[in-house]
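Given next are the chains, with one letter for each unit.
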Amino acid sequence: MSTLTNRHYRLRSRPTGEVTAENLEWTEEPVPEIAEGQALIRTHYLSVDPTNRVWMSEMRSYIPPVELNAVMRGAGVGQVVASMREDLPVGAHVVGLTGWQDYCVADVAHEDMPFTILPDPLPAPLPAFVGVLGHTGISAYLGVEFGDPKPGETFFVSAAAGAVGSIAGQLAKRRGARVVGLAGGAEKCRYVVEKLGFDACVDRRDDDWKAQLDLATPDGIDVDFENVGGEIMDHVLDRLNIGARITLCGLISEYNTYGGDNNTQQGLRNVSQLLMQRATLRGFIVFDHVDRYGEIITELAKDLSVGALRGEDTVVDGLENARLTLNRSIAGEYRGKVVVKAVD
């Protein structure tokens, strides 16, 4: 294996805004020989997630920050190309924390989150297993379950054209809720209404987005699936009905404020509405529910196979483009699940 080269990103410094080439260095080194208890995995698709930006900072989180000079952490789907582990046979497709690199050494002695072997034959294309049939689809499923929208209730989801929001809105619609999304741009809004079946979508880029949101939720909001935070969440708090439920999945509007002297978070002004409306807010992390992955993926795969659920992937070619892809993803330039194709 020493003839193979591993290209990867290493975290050299912590970003104070967008991620720069000085923060993440694109470099390469020989692939090491594997030893007993190890397997070598070739990354095929790398998942690009807003939480990657959180992991680069030193903020208190559900997982330790990526250490400086370490390979950047990230989820991916790949194939075992060499193995000295019975649980990871050569040829198996797997999903797990591959990191931002061509090759990952999976060491049984140092795995906080073990790799999962995918079914053979594959029931869906590989990118789906870091998307609608992976951690983003599972996040959507869990958030909708926790919010528990009832028939006729108003379900609001921010970042509605994104990987999680697009699936969450569809699942809530299947429960009989009236689904209202918020997305950046007219094209995205048309997509979630015309293709995904949302009842309405508010264009975040319009100056009057707050008035649009009010008009789209005349009976208030019963469930908020929150992906964005900031002033959007603050306005939603003022639209809550009595007994409303908020499932807090992400705060993407704040992620580029983490780090250094660039912390510009303003806080929420309308948090009192949680009290006044007797609302509940529940934060959740998908990795806390690994024991349910199999059950949830089975349900999502069933819906996907019969056309009851639609997933969309934005595939960017070239692992070397992962840094710029993350910046553009956080800026809202893409639709659906964003992945980087790491192999030709």
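Treat the numbers as computed from the prediction; the structure is a model and nothing was measured.

Asker: Would you explain the packing of helix α2 (residues 135-147) against helix α3 (residues 163-174) in this entry?
Answerer: Helices that pack against each other are described as a pair by the angle of their axes relative to one another and the distance between those axes. At a minimum axis distance of 8 Å, the contact between α2 and α3 shows a crossing angle of 45°. Accordingly, the angle class assigned to the pair α2 and α3 is oblique. Judged by the twist between their axes, the crossing of α2 over α3 is right-handed. Here Thr136, Ser139, Ala140, Tyr141 and Val144 of α2 lie close against α3, whose contacting residues are Ala163, Val164, Ile167, Ala168, Leu171 and Ala172. Among the residues making up the contact of α2 with α3, the classes are represented as nine nonpolar, two polar and no charged.

Asker: What is the right way to look at the layout of surface pockets in this model?
Answerer: If you roll a probe as big as a water molecule over the atoms, it shows you where there is empty space left. Computed from the structure, the second largest pocket encloses a volume of approximately 930 Å³. Val71, Arg73, Leu97, Val105 and His110 are, among the 33 residues lining the second largest pocket, the residues nearest its centre. Class assignment for the residues of the lining of the second largest pocket results in 18 nonpolar, eight polar and seven charged.

Asker: Can you help me understand the pairing of strand β4 (residues 76-83) in this one?
Answerer: Consecutive side chains along a regular strand alternate between the two faces of the sheet. The sheet contact formed by strand β3 (residues 38-47) and β4 spans seven bridges and is antiparallel. Among the inter-strand pairings, Leu40 is bridged to a residue of β4, identified as Ala82. Looking at chain direction, β4 and strand β5 (residues 93-96) are connected through four bridges and run antiparallel. The residue bridging Gly78 from the neighbouring strand is Val94, located in β5.

Asker: Where do I start with the side chain of Thr154 in this structure?
Answerer: Position of Thr154 among the secondary structure elements: in strand β8 (residues 154-158). Beyond its immediate stretch of four places on either side in the chain, Thr154 contacts Arg178, Val180, Thr217, Gly220, Ile221, Asp222 and Val223.

Asker: What is the right way to look at the domain arrangement of the protein in this model?
Answerer: Interfaces are often sized by the accessible area lost when the parts come together. Domain assignment breaks the protein into domain 1 (5-131 + 312-341) and domain 2 (135-287). Distance between the C-alpha centres of domain 1 and domain 2: 28 Å. Taken together, the contact pairs 27 residues of domain 1 with 19 residues of domain 2. Both sides of the domain 1 and domain 2 interface together cover about 1,900 Å² of buried area, and 61% of this is carbon and sulfur.

Asker: Looking at this structure, I do not really get the environment of Asp313. What am I missing?
Answerer: Mapped onto the elements, Asp313 comes out in strand β14 (residues 313-317). Here Asp313 falls in the partly exposed class, since its relative accessible area comes to 34%. Counting along the chain gives 16 residues from Asp313 to Ser329, while the straight-line C-alpha distance between them is 13 Å. Apart from residues lying up to four places away in sequence, Asp313 is in contact with Pro127, Ala128 and Lys337.

Asker: Help me understand unusual backbone geometry in this model?
Answerer: Look at the link from Asp120 to Pro121: it is a cis peptide, with omega at 5°. Looking at the secondary structure, you find Pro121 in the loop between β7 (116-117) and α2. Phi is positive for Asp148, close to 50°, though the residue is something other than glycine. For Asp148, the position within the fold is in the loop between α2 and β8. Taking relative accessible area as the criterion, Asp148 reaches 31% and is therefore assigned partly exposed. Unusually for a residue other than glycine, Arg278 sits at a positive phi of about 50°. Relative to the helices and strands, Arg278 resides in the loop between α7 (272-276) and β13 (280-283).

Asker: Quick question: what am I supposed to make of the pattern of salt bridges here?
Answerer: For side chains bearing opposite charge, pairing can occur when the charged atoms are close. Overall, the coordinates contain 21 salt bridges when judged by the stated rule. One salt bridge connects Glu58 with Arg14, and the closest N-O pair in it is separated by 3.7 Å. Taken as a pair, Glu58 in the loop between α1 (51-56) and β4 and Arg14 in the loop between β1 (5-11) and β2 (24-30) lie far apart in primary sequence, 44 residues in all. Taking the relative accessible area as the measure of exposure, Glu58 reaches 64% and is therefore exposed. Ionic pairing is found between Glu299 and Lys302, a salt bridge with its closest N-O pair at 3.7 Å.

Asker: Before we go on, may I ask you to explain the packing of aromatic side chains in this structure?
Answerer: The full count for this structure, using the stated rule, is six aromatic pairs. Each ring, one from Tyr9 and one from Trp26, has its centre 4.9 Å from the other, and the planes form 50°; the classification is tilted. With a gap of 17 residues between them, Tyr9 in strand β1 and Trp26 in strand β2 connect regions that are remote in the sequence. On the basis of relative accessibility, which here comes to 32%, the residue Trp26 falls in the partly exposed class. Where Phe155 meets Phe225, the ring centres are 6.4 Å apart and the plane angle is 50°; that geometry is what we call tilted. Note that Phe155 is positioned in strand β8 and Phe225 in strand β11 (residues 221-226), a separation of 70 residues in sequence. For the pair formed by Phe155 and Phe225, the shared burial category is buried.

Scoring rules and cut-offs
- Residues numbered from 1 in each chain as written.
- Predicted model: local features only at pLDDT ≥ 70, side-chain atom pairs only at ≥ 80, totals over all residues.
- Heavy atoms only, no water.
- Axes fitted to C-alpha atoms, helices over the stretch in contact; angles between N-to-C directions.
- Helix = DSSP H or I, 4+ residues; strand = E, 2+ residues; numbered from the N terminus.
- Parallel < 35°, antiparallel > 145°, perpendicular 65-115°, else oblique.
- Left-handed = near helix turned anticlockwise from the far one by under 90°.
- Contact = heavy atoms within 4.5 Å.
- Nonpolar A, V, L, I, M, F, W, Y, C, P; charged D, E, K, R; others polar.
- 1 Å grid on protein atoms, 1.4 Å probe; cavity = no way out; pocket = protein on both sides within 12 Å on 5 of 7 lines; lining within 4 Å.
- Points joined across faces, edges and corners; volume = space filled by probe spheres on them.
- Pairing = 2+ DSSP bridges.
- Domains from an automatic or database assignment.
- Buried area = accessible area lost by both parts, 1.4 Å probe.
- Buried < 20%, exposed > 50% of the residue type's maximum accessible area, 1.4 Å probe, protein only.
- Salt bridge = Lys/Arg side-chain N within 4 Å of Asp/Glu carboxyl O.
- Phe/Tyr/Trp six-rings, centres within 6.5 Å; stacked < 30°, edge-to-face > 60°.

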